[in-house]
Structures are given as C-alpha cells and as structure tokens.
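The lines below spell out each chain.
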Amino acid sequence: MALIVQKYGGTSVASLDHIRRVAESVAARKQKVNDVAVVVSAMSGQTDQLLEMAAKISAVPDSRELDALVATGEQVCAALMAITLNSIGCPAISLLGLQLPLVTDSVHTKARILDLQTDKLKQLFREGVVPVVAGFQGVTEEGSITTLGRGGSDTTAVAIAAALNADCCEIYTDVDGIYTADPNVCPKARHLDKISYSVMLELAGLGAKVLHSRSVELAQKFAVPLVVKSSFGSAKQTWIVNEEDIMEDSVIQGVTLERNVSKISLIRVPDRPGIAHRILSPLADAAINVDMIIQNASTDGFADFTFTIAKTDLEQATRLVEKVATEIGALEVLAANNIVKVSAVGIGIKTNPGVAAKMFKSLSSENINIEMISTSEYRISCVIEEKYGELAVRAIHLAFELEGQPGRLKER
Ligand code: ADP
Ligand code: ASP
Ligand code: MG
C-alpha cells in the first residue's frame, strides 16, 4: 500500500467550499492508497493580512512575534480541514509544527528544519486517521514558534515525505505544473511534463514561487518523487526528476521574475581593505542574505558600494548599514525597493557566450535599462526597474524561443 503526502496551497483552500472539495478528494485518495498525510497552507491572503496588521503597528516588528502571528494562518486551515474531513466520514486530526514536532533553528521568519519526528504520523496511519499538518511552521528547541519563509509549506510537505519515505509528494496549486515562465505573466509559457531538480532549484531560487526552493533542495537530497498538480482539475502535471531522465535541446529552459528584491547603495565609501567586510558582516550576523554586489571603480580613494537583498529585509538592513556608514565615513546610504530581478535559467550558460548578448538585446529592444548583472553556470540575472518586470520576462521568453511546441524536451 502506498504512502502519499499531499500539500494544498492557499488558493486551493481559499474558502470553506474549496476546503470541502479538497477534503473530498483526500478521502477518495485515502480509499485507494491507504496512507495519506495532508499539509495545508493558510487560506489565500491570510498570511499577507496578518503581516499587514503587524506592519501597521511597527516598521520592524519583533521576528519571534511575527512568527507566532503568521503561524496562526496554517493553524486555522489545518483545523478547518480536519473538521471537514471528519464531517464527511474520513477520520482526521490536525497537527501543528510544535505538536509533531518539526524542530527548527531559531532564525525567525526563515528558520531551517533540524529534526522532524514521525512517531505521531505513523501512529495515526496505523489508526486509519489522516494527519492534517499545518505547513510553514516549526518550533525551536526552546519552544518558540518559527516559520520557514514565505511559501514554506512546500518544504514542510517534502520534509514529511522524506522522513516517512513516502512514495510521492504531491503539491496541489492553482497552476497545472511548471511552465517555462510564470503563465500568469507570460501567457505563451510552455508547460513542462518533466523538469530536473537542478533547473527547478534555480527557477525556484530566482522567483518562480510555484515551489519553495528549499522543498526542491530537500526532494533532491532525499530522492523524494515530487509532482506539481492543479487542485482545480487538469490532466496535466509536472514531475521533478533527475537530470539523467531528461534531455534538453536548448540552453535556456526558463525565465523568472523575482519581485522580492531591493537594493542598498553606500555612496563615497573610503576604498581600503576590510570595508566590504565591515559593511556586510552585520547583515550576515542578522541572517540577511546579500545577493548581487557591485563596487564601482575607485576614484580619488572613494567608491560606491551597492548590493541587493530581499525587500522583506530592507528596513532592518538599512538600519544596520546606516550605522556602519557613519562609522566608516561614507557620504550617504540610499535604499530602493522599486526594482526586480529577471533571470534566464539553463545549463551551460557560461560556455554559450551568445546567451548573455541575446538576453541584453531583448531588454534593450524594449528600452529597458539594466541596473545590475550577475551570471553563473546556470543563469543570467539582471536587475531592472520594477515597472518593466513582466514586459522583460515576455521579451526574454520570446528571444529564447521558449514558447515552442511540447516535445522539445526529449526523453533519452
Ligand atoms: P500556492 O498558494 O498553491 O503555494 P503559489 O502562489 O505559491 O501557490 O505558487 C503558484 C504560482 O506560482 C502560480 O500561480 C504562478 O503564478 C507562479 N509561478 C511562477 N513561476 C512559475 C512557473 N515557472 N510555472 C508555474 N507557475 C509559476
Ligand atoms: N502561508 C505561507 C505564505 O503565504 C506559507 C505558504 O503558503 O506556503 O507564504
Ligand atoms: Mg506557494
């Protein structure tokens, strides 16, 4: 008998009617496969509403309390789902992160999983009860509630599937799989029946929020069969598979738009050894991830230093950087959050020099100015003005002829 972990995202559980439809399909699935564990997100919009409330009270709310606040979204949904399942004759019990427990480190709002106990889940399976786990949340060893970062319910689901050695982890969402770009931004995006863990990891890390990037990382590490499906009924789906099972015939395989980006510039920083470290180490200490970094050529012993971070870290980062700027004698600190990052993702980009030129040409043909560039083996990213983000995705997607016909991905 199979063991399946199903995860339902916010839009799939947006109302009591949605929850009922999901409950019916969970109950039907349980009849067939025996053991089903369900992971739920908060009802659509709930997490944003809770965060907005906190933002009205404070510009930099305490991160421990933010976690305690937003974790309630998933608690409500898990309990409603369990009530609904029980009401249709399918025994179910809701479980919070702290009840499993799913133990994390104490980096609030972006905690990482340290341990996941499966005893309760296994006991429930033996009793024929469906565990409904509140996604996105965990608990520290000291007992504080944590969350895994926006979109983190995917990671909860994959972690549970890995720990239970499940036959499959199914991610149900509002699209019927992975496309070459966000289909809501680029209507010509092409559906993919399969995608490799490594390309998916890049896409997810660069803004394709259809999967939380750590869920892909975990699925690859623990060889969890992972599939993305629509909870609104569609025959299509996308399997995330090993690279050997896919043969791509194009270098670029997807285009992403990352909206959660902002930048901080320090103007006229004294150009001497140790300055970059002075600026960035307080951010590292505060678990703020710095992405692109640019230091322009020094003139008269001074340089400008610019870097990008998540928009959600901007307030805290600006405070930390302003303090250092005063200490090191920089002229001023400028913070901007009207930017986005567009990326072309593929394999072997560095060995295909034409790729960067094509991407830049597609942006210039739309008159879009590039503010920052970074490249790696797997991607080229450009920071541009926010208002051009969606246009840029469509232009890059067109330039790399990604719309094509299904079948361009050939199986070996
Ligand atoms: P859920 O609430 O179910 O977790 P999300 O909103 O987190 O759903 O993720 C689904 C969304 O991801 C889609 O509605 C789509 O707009 C977006 N998305 C971004 N990039 C892609 C992509 N390459 N393929 C499919 N969906 C994508
Ligand atoms: N509810 C959380 C969010 O909106 C987690 C999730 O949906 O996966 O980010
Ligand atoms: Mg999501």
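Details of the structure are given in the entry above.
In short, a report on the structure. Worth saying up front: this structure is predicted, and the values here are computed from it rather than measured.

## Quick look at the sheet that holds strand S19 (residues 332-336)
An order of S17-S18-S16-S19 is seen for the 4 strands of this open sheet, with the pairing classed as antiparallel. Every interior strand has two partners, whereas the edge strands, strand S17 (293-295) and S19, have only one. Averaged over all pairs of adjacent strands, the angle between strand axes in this sheet comes to 15°, irrespective of strand direction. The pairing of S17 with strand S18 (residues 302-309) spans 3 bridges and is antiparallel. Each residue of the ladder has a partner; that of isoleucine 294, found in S18, is threonine 306. Against the sheet, helix H8 (residues 275-285) engages strand S16 (262-270), S17 and S18, with an angle of about 25° to S18. Along the sheet, helix H9 (residues 314-328) contacts S16, S18 and S19; its crossing angle with S16, the most-contacted strand, is approximately 0°.

## Regarding the sheet that holds strand S2 (residues 35-40)
Strand order in the open sheet formed by 8 strands is S3-S6-S2-S1-S9-S13-S14-S12, with mixed pairing between adjacent strands. Looking at the sheet topology across the chains shown, the edges are occupied by strand S3 (92-95) and strand S12 (194-196). Here the average twist between neighbouring strands, direction ignored, is 20°. Judged from the 4 bridges that link them, strand S13 (residues 226-230) and strand S14 (residues 237-241) form a sheet pairing that is antiparallel. When the sheet's bridge partners are listed, valine 227 is paired in S14 with tryptophan 239. Across the sheet, helix H5 (residues 153-164) is in contact with strand S1 (3-8), S2, strand S6 (130-134), strand S9 (168-173) and S13; its angle to S1 comes to roughly 175°.

## A few points about unusual backbone geometry
Proline 101 follows leucine 100 through a cis peptide bond whose omega is -10°. Turning to its location among the elements, proline 101 is positioned in the loop between S3 and strand S4 (102-104). Of note, the phi angle at phenylalanine 136 is positive, near 75°, even though the residue is not glycine. Looking at where phenylalanine 136 falls in the secondary structure, it is placed in the loop between S6 and strand S7 (137-139).

Cut-offs used in this document
Residues numbered from 1 in each chain as written. Chains lettered and ligands numbered in written order. Predicted model: local features only at pLDDT ≥ 70, side-chain atom pairs only at ≥ 80, totals over all residues. Heavy atoms only, no water. Pairing = 2+ DSSP bridges. Helix = DSSP H or I, 4+ residues; strand = E, 2+ residues; numbered from the N terminus. Axes fitted to C-alpha atoms, helices over the stretch in contact; angles between N-to-C directions. Contact = heavy atoms within 4.5 Å.

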